[in-house]
Amino acid sequence: MGLGFGTDMSATGMWVEKYRPKKVSEIVGQTEIIGSLSALIKDPTDMPHLMFSGSAGVGKTTTALCITRQILGDNIEGNLLELNASDERGIGMVREKVKKFSGFAGLSDVPFKIIILDEADEMTSDAQTALRRIIEDTAKICRFILIANNVSKIIDPIQSRCATFKFTTVSEDDIIGRLEVIAKKEKIKVNKKGLKSIFDYSQGDLRHAINLMQATASLGEISEETVASSAGLTKTTDVDEVLKIALSGKIVEAREKMIELIKVYGMSVSDFLKYFNSAVFKSQHKKLSEILEIIAKYDYRILVGANSEIQLSAMLAEIAKVEE
Ligand SMILES: Nc1ncnc2c1ncn2[C@@H]1O[C@H](COP(=O)(O)OP(=O)(O)OP(=O)(O)O)[C@@H](O)[C@H]1O
Ligand SMILES: [Mg+2]
């Protein structure tokens, strides 16, 4: 996702990274997908381009990296290109990088080079049309693994060139099982009800579940009570932080933190606004009513169906202009 994580959890200390599977056999759930992909890994010669779709935190990027690692083995360096399609530099950057990558050195010891293109559904349809050409032009040398949350936003000519795999949310048993494995390795105490309530908060998003368990572990044993308080705690303090950053005029930083909360930690837009609203009250800002009216305006726009990411960004920008 390309966003920095909060100041209290550096990327290396994060359990989601520490326990990211290295081989497809370690991935939990997604049984059918893993079955088909394991066959591909054994004999990758005819591997088609792949498309992974599905909701957040269920193993799409991880699976792409696992099969790449298993197919390319020791030759991964120079034969894997990872790109993020929503990068602001757009399709021109993708074309340049792919051209350089596919043109550089021949294929020795690997069946093909692999390009992982994350967030492909964030590309405009013009950019996707350009991407389709790029895929065709490099087909002899490269296989693409496209990743998209929403496959319906991918143009048909690309869809029809890929074998599509739809990832599902992770089941209760699989999430709890994975949390137990991690808890054992981290030597933390857990009880069943605590794990069950982590699952309830996660709604099948394993990344969210692991992050919540890590945040909770700093409070003590994983129980229903500690999970509830850390779920509430992390949320509200992080939202307070977004408000503080916005009021200090740092729009970009405030927006990144807001997007991180919603996309990485799975906070819903309406929860974000609710916490944001109470953060404003707590702040006792001199222009309280002005800020509350701004929030109400964007709340309404989102309610009637405007794009929430765009609206929330505009809201932060407007709040950043409020003078003390
Ligand atoms: N199926 C899974 N098996 C094991 N670990 C998983 C699985 N899904 C997610 N995780 C854990 O969550 C982290 C994030 O997973 P991943 O990056 O693969 O999610 P994603 O589906 O690509 O999400 P997004 O759509 O937000 O990019 C991993 O590092 C891993 O720790
Ligand atoms: Mg991903």
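Residues numbered from 1 in each chain as written. Chains lettered and ligands numbered in written order. Predicted model: local features only at pLDDT ≥ 70, side-chain atom pairs only at ≥ 80, totals over all residues. Heavy atoms only, no water.

Colleague: Please clarify how the site of ligand 1 should be interpreted in this entry.
Modeller: As a matter of local geometry, ligand 1 sits amid 18 residues, with Val16, Gly57, Lys60, Thr61 and Thr62 nearest to it. A distance of 2.9 Å is found between a nitrogen atom of ligand 1 and a backbone nitrogen or oxygen belonging to Val28. Between ligand 1 and the protein, one listed contact pairs an oxygen atom with a side-chain N or O atom of Arg207 at 3.1 Å. Out of a free accessible area of 630 Å², ligand 1 has 96% covered by protein chains. Of the residues belonging to the shell around ligand 1, the class tally is 10 nonpolar, five polar and three charged. Each of two domains, domain 1 (30-166) and domain 2 (172-231), supplies a minimum of three residues to the shell around ligand 1. (Near = heavy atom within 4 Å. Polar contact = N/O pair within 3.5 Å; in protein donor to acceptor, adjacent residues only side chain to side chain. Areas by Shrake-Rupley, 256 points an atom, 1.4 Å probe, with all protein chains shown as cover. Nonpolar A, V, L, I, M, F, W, Y, C, P; charged D, E, K, R; others polar. Domains from an automatic or database assignment.)

Colleague: It is not clear to me how the pattern of salt bridges should be interpreted in this structure. Could you clarify?
Modeller: Between side chains of opposite charge, a pair can form as their charged atoms come close. Scanning all chains against the criterion turns up 12 salt bridges. We note a salt bridge from Asp240 to Lys282, for which the minimum N-O separation is 3.1 Å. With Asp240 in helix H10 (residues 224-247) and Lys282 in helix H12 (residues 269-283), this residue pair connects regions lying 42 residues apart in the sequence. Among the residues examined, Asp240 registers a relative accessible area of 26% and is labelled partly exposed. With relative accessibility at 54%, the residue Lys282 sits in the exposed group. (Salt bridge = Lys/Arg side-chain N within 4 Å of Asp/Glu carboxyl O. Helix = DSSP H or I, 4+ residues; strand = E, 2+ residues; numbered from the N terminus. Buried < 20%, exposed > 50% of the residue type's maximum accessible area, 1.4 Å probe, protein only.)

Colleague: Is there a simple way to think about the nonpolar core in this case?
Modeller: Note on soluble globular proteins: their nonpolar side chains tend to be buried together. Membership of the largest hydrophobic core comes to 46 residues, with the highest contact counts inside it found for Leu50, Phe52, Ile198 and Met213. With six residues, helix H3 (residues 60-72) is the single largest residue contributor to this core. Structurally, this core is a two-domain feature, drawing no fewer than three residues from each of domain 1 (30-166) and domain 2 (172-231). Aside from chain neighbours lying at most four places away, what touches Leu50 is Leu37, Leu40, Ile67, Phe144, Ile145, Leu146, Cys162, Ala163 and Phe165. (Core = buried A, V, L, I, M, F, W, Y, C linked by side-chain atoms within 4.5 Å. Contact = heavy atoms within 4.5 Å.)

Colleague: Please clarify how the sheet that holds strand S2 (residues 80-84) should be interpreted in this entry.
Modeller: Spatially, S2-S3-S4-S1-S5 is the arrangement adopted by the five strands of the open sheet, whose pairing is parallel. Edge positions in the sheet fall to S2 and strand S5 (162-166), since each has one partner strand and no second. Each adjacent strand pair in this sheet contributes to an overall mean axis angle of 15°, direction not counted. Relative to strand S4 (residues 142-148), strand S1 (residues 49-53) is paired through four bridges, and the arrangement is parallel. Residue pairing for S4: Phe52 is matched across the bridge by Ile147. Set on the sheet, helix H2 (residues 31-42) makes contact with S1 and S5; between it and S5 the angle comes to about 145°. (Pairing = 2+ DSSP bridges. Axes fitted to C-alpha atoms, helices over the stretch in contact; angles between N-to-C directions.)

Colleague: Is there a simple way to think about the domain arrangement of the protein chain in this case?
Modeller: How big an interface is tends to be stated in terms of the accessible area lost upon association of its parts. Its domain assignment divides the protein chain into domain 1 (30-166), domain 2 (172-231) and domain 3 (234-320). Relative to domain 3, the C-alpha centre of domain 2 lies at a distance of 27 Å. Between domain 2 and domain 3, the contact holds six residues from the first and five residues from the second. Contact between domain 2 and domain 3 buries roughly 520 Å² in total, counting both sides, with carbon and sulfur atoms accounting for 46%. Its largest share of buried area at the contact with domain 3, domain 2 owes to His208, Asn211 and Ala231, together 55% of the area lost on that side. For the pair domain 2 and domain 3, the number of links is zero residue pairs in polar contact (both at pLDDT 80 or more). Considered class by class, the residues forming the side of domain 2 that touches domain 3 number two nonpolar, three polar and one charged. (Buried area = accessible area lost by both parts, 1.4 Å probe.)

Colleague: It is not clear to me how the packing of aromatic side chains should be interpreted in this structure. Could you clarify?
Modeller: The description of an aromatic ring pair rests on the distance of the ring centres and on the angle between the ring planes. Enumeration over the complete set of coordinates arrives at three aromatic pairs. Centroid distance Phe52 to Phe165: 5.9 Å. Interplanar angle 80°. Geometry classified as edge-to-face. In this pair, Phe52 is assigned in strand S1 and Phe165 in strand S5, connecting sequence segments 113 residues apart. One exposure class covers both Phe52 and Phe165, and it is buried. With 5.4 Å between their ring centres and 25° between their planes, Phe272 and Phe276 make a pair best called stacked. Of this pair, Phe272 and Phe276 both sit in helix H12, four residues apart, which is roughly one turn of the helix. Phe276 sits in the buried class, given a relative accessible area of 0%. Put simply, the rings of Phe52, Phe165 and Phe167 touch in pairs and so form one group of aromatic residues. Over the face of the ring belonging to Phe101 we find Lys113, whose NZ or CZ atom lies 5.0 Å from the ring centre. (Phe/Tyr/Trp six-rings, centres within 6.5 Å; stacked < 30°, edge-to-face > 60°. Lys NZ or Arg CZ within 6 Å of the ring centre and 35° of its normal.)

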